[in-house]
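Commentary on secondary and tertiary structure
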Amino acid sequence: MDKSPVKGSSGVFRTQIRLLILAAILVQFLVAIFIFARAVQEKEYQNLRDQLTIQGIGFIHELDDLNLSVIHDRELSRGELTGHPLYQESTNRLLEFSEVFSIDPSLLYTMVRSRDGEHDYYFILIGDGTYSLQKDDPFYLSEEVQPYFDLAYETGEIQYPPVYTDSIGKWLTVVLPMKDADGNVYAIHEPVLRVEFVDALVWEAVWNAIQWPLAILLIGLIAISALLNRVFRPFNDIVQLFRKSRAQDDIDMSSIKATGEFEELRKSLSFYIDASRSAKRETQEILQNVQQGLFLLSSDLTIGEIQSTQTRKIFETTKLTGIHFDALLKQFVVPKLHEAIVDFLDLMFSGTIDESTLRDLNPLKEVECHLPLDQGGFVTKHLSFEFYRAQSLANDSELEYVMVTVQDVSEEVRLAEELAQRKEAEQNQMELLMDILKVEPSALNDFFADAQEASDEINVRLRGTKNDDNLHTLVNDIFRLVHSVRGHASMLGLPNIEQASLEFEESLAELRERSELNPRDFLDITFHLEEVSRHLKQLEEITDRLSRFRPQTPQQDITQSLLDTFKSLVKDTAAQLDKEASLDTSDFKAIPLSDTQRRFFREIVIQLLRNAVSHGIELPGEREVSNKSSSGSIRLSSQEISPGQWEVIIRDDGRGIQRERLLEEAQERGLELSNQDRDSDNLLKLMSTPGLSTAENVDISGRGVGMDIINQRVIEMGGSLEVFSDEGHFTEFRITLNQELSLSS
Amino acid sequence: MKTLIVDDSRIIRSAIERHLKHFQLEIVGTATNGVEALELFKEHLPDFVTLDITMPEMDGLACLREMMQVKPEARVLVMSALTDKPTILKALKEGAKGFLGKPITPDSFKEAVQKIITD
Amino acid sequence: MASMQTHHEDLKVIVDNTINYFEEVCGTPAECGIPYLMNQEKVLMDYSAIIGISGIRRGALLFTAPRPLIRELVEIITASDSPEEQDLQDMVGEVANTIAGNARPVLGSEFMISVPVIIRGELLGMQLAQPASIVPINWNAHQAFLIIGLE
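Residues numbered from 1 in each chain as written. Chains lettered and ligands numbered in written order. Predicted model: local features only at pLDDT ≥ 70, side-chain atom pairs only at ≥ 80, totals over all residues.

1. Describing the overall build of chain C
A count of helices and strands for chain C gives three helices and eight strands. Helices (α) and strands (β) of chain C occur, in sequence order from the N terminus, as α-β-β-β-β-α-α-β-β-β-β. Looking at chain C as a whole, 43% of its 151 residues qualify as buried. Summarising the internal contacts of chain C: among those between residues at least 6 apart in sequence, 65% fall at separations of at least 24. (Helix = DSSP H or I, 4+ residues; strand = E, 2+ residues; numbered from the N terminus. Buried ≥ 20, exposed ≤ 12 C-beta atoms within 10 Å, placed from the backbone. Contact = placed C-beta atoms within 7 Å.)

Structure representation (structure tokens):
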């Protein structure tokens, strides 16, 4: 990871800012000092002014103009005066000296412009008051007055602030030029004044003022920089360290330079950071690998930020943080449960009931949840939740969090259910087994065939009925069929089927009582029909398994008993319909069939025979008109046409299939027919077309049970079915069975 | 500690009475339904009540609610089949201090009572 | 026995919803035919929609209808003469969804339904919880089928 550029640029930036701030502070500081110095200066002047006692004031003209020769008649000549260094200096420096002429003392120390720049030049004039102008002695020079030239030695640099007492002052005789009434100019010798020269430069004042603060500042700066190095940098580094530790995991602790207590602090901090970092890492490990959903709920029932990876898998969503747990649950559990869980969590947080008591009341121990998926739809899972009060470390009076674990127990539940179901099924099978054992195998087979046929017939009738047909008749017919199944089951002692048929009958009896029947009422019938079929199937499966343990009946015997069944079936069915018919099985040869095949075969033949009697064979009177014997004849024959290839033929000498009507109807229904389809070979296709071989078809074709179903059964047992017919003469069904193929498979 | 037993089954009532002998409790009354229970409750103001939550006359929850208005500090032990968790949770929210799932065994009963009267 | 009782009551609710749907949406009521059990016959017509059902009942609900019926429905609803293929497919899904969805308030929210899967024409290997009940729905001289297979 390359992080140096970021660090560098931010560092430079920070340094520049710091320099700028420092410079600004310095400038401000200097300005403050300057202002302070001026204030000090002003104050000093004020002090001086206050101390001054102006007893008289004179003015100094240009020294040139002073008629000093007159004054110093004794010792000083003009030449001497002009040659005097002070004179020289005065003329050089005080060019505009006259401009300060004023009796206002404040003006005396107004800045004076001289030839070599600006000076503060103070004239402090102090009159001694001992002398006054005397009429008789106009040019009197006091003895105390020092000679003029003395001045030369007394001026010069002075310290700032000027101290009055230490200042250099000289007596000066001031000559006032005056005019008399006649216009004569006199130089009037004024009282001798003492002039104090106080000279100071502004920058000196400033320098004086700033010396101490500057020294303090420097010392301060040195101290601050020492502090910065020793205190602030390590502190800053440590703060940075904290900041980084939050953002990233791989910081180098040794990069921080610190000494003394800071080193200790750094060590402690790095210890805690290491600890928290490794704790964080461990937490991550746990959250990623724990095989449960794991998260915290806060007291407002929102889901916390930390969740185990499994949590999101279990809930099929990544959006969990901050979601209300009750809102989440609302989506996938039943409302009553949802209400209970809200109560439960309230109690969990309230802390009035102890945790172990509450845990028994957890309403989400094992709940079926329907979780919506992001891509639509939903998935059903069995989830098991556990809730724990999470005692906060910081505050043990208020419960802040409840920890929730959730586990997907779908598989366990499924296995448990499966086990329970299997147990129940085993129990049922055992009972069934006991029931079956009491029953003769052939009688049982007869029953299956009858019951299956009855159930098929009911469905065919339902399918073939239109709303405006007589629904009561339909109910009655179904009732009769169910009733016979029940009687049969009761006789054989098969209580399960008997019970199911009884419920069916009761439901039908109820429908029969209604004055008006609505098609939707027949949903009850489909339901019961389903139930009876389910029981039949169960029974059949067990019979099948059982037959393996029963002593094998010789093939011949089985065949014979089968043929006997067929014969009596034809006879009985015919009798029911006031018809006469017989079955000729002389050409039937035993076919090697598996148990399942045999049952299928039996069903198929029974249905075809039934159809033949009820729809093929005409009533005796009708037959006589067509010059047929009053008793119809049906022939069942079988033949091995090639090794393993068997052909079974069922042929009746009845009215045959009225093909034209069948075609017409098919066309009306929009079935597309090619010329080929019109051949008799394809009669079966016509008869088996779904949606066509309904009751209408039944009438046309003269067949009772849906041909598509029969055809389906033939295919299921590994054979094929063909139909041939000559209208008015015969109908022939030809079943071809490939035994080699089906036996090997 | 004044105790009131509320249960619609005579057998359960006598079983509870028998089990309660192990504790220092003064049984002030037994009630067979919610209305009767409330009357006894108002009369004796018991400290401890065992309350069957599914009873004729008055629903146990309603009964509990009224008891709590009369004497909120009374410790009520709610008894119900565990299958009806939502009702138990409601009862605890209404102020019951504990619950005991049915069927009751001597041990579970003792434990629940111990917990509630010493708490 | 109680659950069995609700079983065909559930079916009736769904059938009633279907009848009502046509009445509400098109003004002309549909008529339910005599129901029967589904065998191995092919049942799918031009447009079909299957909705998975889970919760207290598991299974599927299938609504299948011939193209003219769906076309007429779309024309009535969108008031357009030339519905597009996508409209027809959406329509059949919409019918199935409404029927199943409306069953929820009656059958409870525990009755969960999936989004419909639309099938155009026949589908091989279609699986419904066997056995299923087929309810013919007759409307405006067309016949559709409602096939319900519930555990």
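2. Some points on the overall build of chain B
Along its length, chain B carries five helices and five strands. Beginning at the N terminus, the succession of helices and strands in chain B can be written as β-α-β-α-β-α-β-α-β-α. Looking at chain B residue by residue over its 119 residues, the buried ones come to 37%. Considering only intrachain contacts with a sequence separation of at least 6, the fraction spanning at least 24 residues in chain B is 58%.

3. Quick word on unusual backbone geometry
Here D578 of chain A, not a glycine, exhibits a phi torsion of approximately 55°, which is positive. Counting through the fold element by element, D578 of chain A comes out in the loop between α18 (555-576) and β10 (581-584). The exposure class of D578 of chain A is exposed, given the 9 C-beta atoms found within 10 Å. One non-glycine residue, L45 of chain B, lies in positive phi territory at about 45°.

4. Looking at the environment of H472 of chain A
Residue and element names in this part refer to chain A. Among the secondary structure elements, H472 is positioned in helix α15 (residues 471-492). The partly exposed category is assigned to H472, around which 14 C-beta atoms lie within 10 Å. Between the C-alpha atom of H472 and that of E513, which follows or precedes it by 41 residues, the distance is 9.1 Å. Excluding anything up to four places from it in sequence, H472 contacts R512 and L517.

5. As for the sheet that holds strand β9 (residues 401-408) of chain A
All names here are of chain A. On the basis of which strands lie adjacent, the open sheet formed by five strands has the order β6-β5-β9-β8-β7 and antiparallel pairing. Of all the strands in the sheet, the pair left with one neighbour each is β6 (303-307) and β7 (367-372). For this sheet, the mean inter-axis angle between neighbouring strands, taken without regard to orientation, is 40°. Note that strand β5 (residues 293-298) and β9 share six bridges and pair antiparallel. Residue F295 lies in a different strand from β9, and its bridge partner there is V404. Relative to the sheet, helix α10 (residues 325-332) contacts β5, β6 and β7, its axis offset from that of β7 by approximately 95°. Sitting on the sheet, helix α11 (residues 335-350) is in contact with β7, β8 (378-390) and β9, with an inclination near 140° to β9. (Pairing = 2+ DSSP bridges. Axes fitted to C-alpha atoms, helices over the stretch in contact; angles between N-to-C directions.)

6. Concerning the sheet that holds strand β13 (residues 719-726) of chain A
Residues and elements named next belong to chain A. Ordered by their spatial adjacency, five strands build an open sheet running β10-β11-β12-β14-β13, and the pairing between neighbours is mixed. With one partner strand each, in any of the chains shown, β10 and β13 form the two edges of the open sheet. The sheet shows a mean angle of 15° between the axes of neighbouring strands, direction not considered. Of the pairings in the sheet, the one linking strand β11 (residues 632-642) to strand β12 (residues 645-652) comprises eight bridges and is antiparallel in character.

7. Observations concerning the confidence of the model for chain C
Residue and element names in this part refer to chain C. Confidence in the prediction for chain C averages 79 pLDDT; 81% of positions are at 70 or higher. Confidence, read as mean pLDDT per element, is least for strand β5 (residues 111-113) in chain C (70) and greatest for strand β7 (residues 133-139) (89). Here residues 1-5 is a poorly scored stretch, pLDDT under 50, and it has zero contacts once near neighbours within four places are set aside; other chains count. Across the whole predicted complex the pTM is 0.41, and at the interface the ipTM reaches 0.77. (pLDDT = per-residue confidence, 0-100.)

8. Side note on the nonpolar core
Within the largest apolar cluster, 79 residues are counted, with the highest numbers of intra-cluster contacts made by I51, L61, F63, I70, V92 and A96 of chain C. Setting aside chain neighbours within four positions, we find I51 of chain C in contact with A60, L61, A96, N97, A100, I113, S114 and P116 of chain C. Listed in part, the 55 residues of the second largest apolar core include V333 of chain A together with I16, L92 and F99 of chain B. (Core = buried A, V, L, I, M, F, W, Y, C linked by C-beta atoms within 7 Å.)

9. A look at the interface of chain B and chain A
In this assembly, 10 residues from chain B lie in contact with 12 residues from chain A. Contributing elements (two or more residues each) for the side of chain B that touches chain A: α4 (85-94) and β5 (98-102) of chain B. Take the side of chain B that touches chain A: its biggest share by element is seven residues, from α4 of chain B. Residues that form the side of chain B that touches chain A fall into these classes: five nonpolar, two polar and three charged. (Nonpolar A, V, L, I, M, F, W, Y, C, P; charged D, E, K, R; others polar.)

10. Examining the packing of α11 of chain A against α4 of chain B
When two helices pack together, their arrangement is given by the angle between the helix axes and by the axis-to-axis distance. The N-to-C vectors of α11 of chain A and α4 of chain B enclose an angle of 35°; their axes lie 9 Å apart at closest approach. Pair α11 of chain A / α4 of chain B crosses with left-handed handedness. Contacts between α11 of chain A and α4 of chain B pair K336, E339, A340, D343, F344, D346 and L347 of chain A from the former with K85, P86, L89, K90, L92 and K93 of chain B from the latter. Split into classes, the residues belonging to the contact of α11 of chain A with α4 of chain B amount to six nonpolar, no polar and seven charged. (Left-handed = near helix turned anticlockwise from the far one by under 90°.)

11. Describing helix α3 (residues 60-70) of chain B
At 3.6 residues per turn, the α-helix brings residues three or four places apart onto the same side. All names here are of chain B. For α3, the set of buried residues is G60, C63, L64 and M67. The buried residues of α3 occupy an angular sector of 100° when the element is viewed end-on, so they sit on one face. Among the exposed residues of α3, those oriented more than 90 degrees off its buried face are A62 and Q69. (Arc of directions from axis to C-beta.)

12. Section: the pairing of β13 of chain A
Residues and elements named next belong to chain A. Burial of β13 is one-sided: the residues G719, L721, V723 and S725 facing one way are buried, the residues S720, E722, F724 and D726 facing the other way are not. As judged from the eight bridges shared by β13 and strand β14 (residues 730-738), these two strands associate in the antiparallel manner. Note that in β14 the partner of S720 across the bridge is T736. Counting the residues in the hairpin turn of β13 and β14 gives three residues, including G728, whose phi is positive at 90°.

13. Describing the environment of H382 of chain A
Residue and element names in this part refer to chain A. Mapped onto the elements of the fold, H382 is located in strand β8. Sequence-wise, H382 and S410 are 28 residues apart; in three dimensions their C-alpha atoms are separated by 4.4 Å. Apart from residues no more than four positions distant in its own chain, H382 is found in contact with E366, V367, E368, V409, S410 and V413.

14. A word on the environment of K381 of chain A
Residues and elements named next belong to chain A. Within the fold, K381 resides in strand β8. For K381 and V367, which are 14 residues apart along the polypeptide, the C-alpha to C-alpha distance reads 8.1 Å. The residues touching K381, leaving out its near neighbours within four places in the chain, are C369, L371, D408 and S410.

15. What to know about the pairing of β8 of chain A
Residue and element names in this part refer to chain A. For β7 and β8, the ladder comprises six bridges, and the chain directions are antiparallel. From the neighbouring strand, L371 faces β8, where its bridge partner is V379. As paired elements, β8 and β9 share eight bridges and run antiparallel to each other. Residue pairing across strands places F385 opposite V406, the latter belonging to β9.

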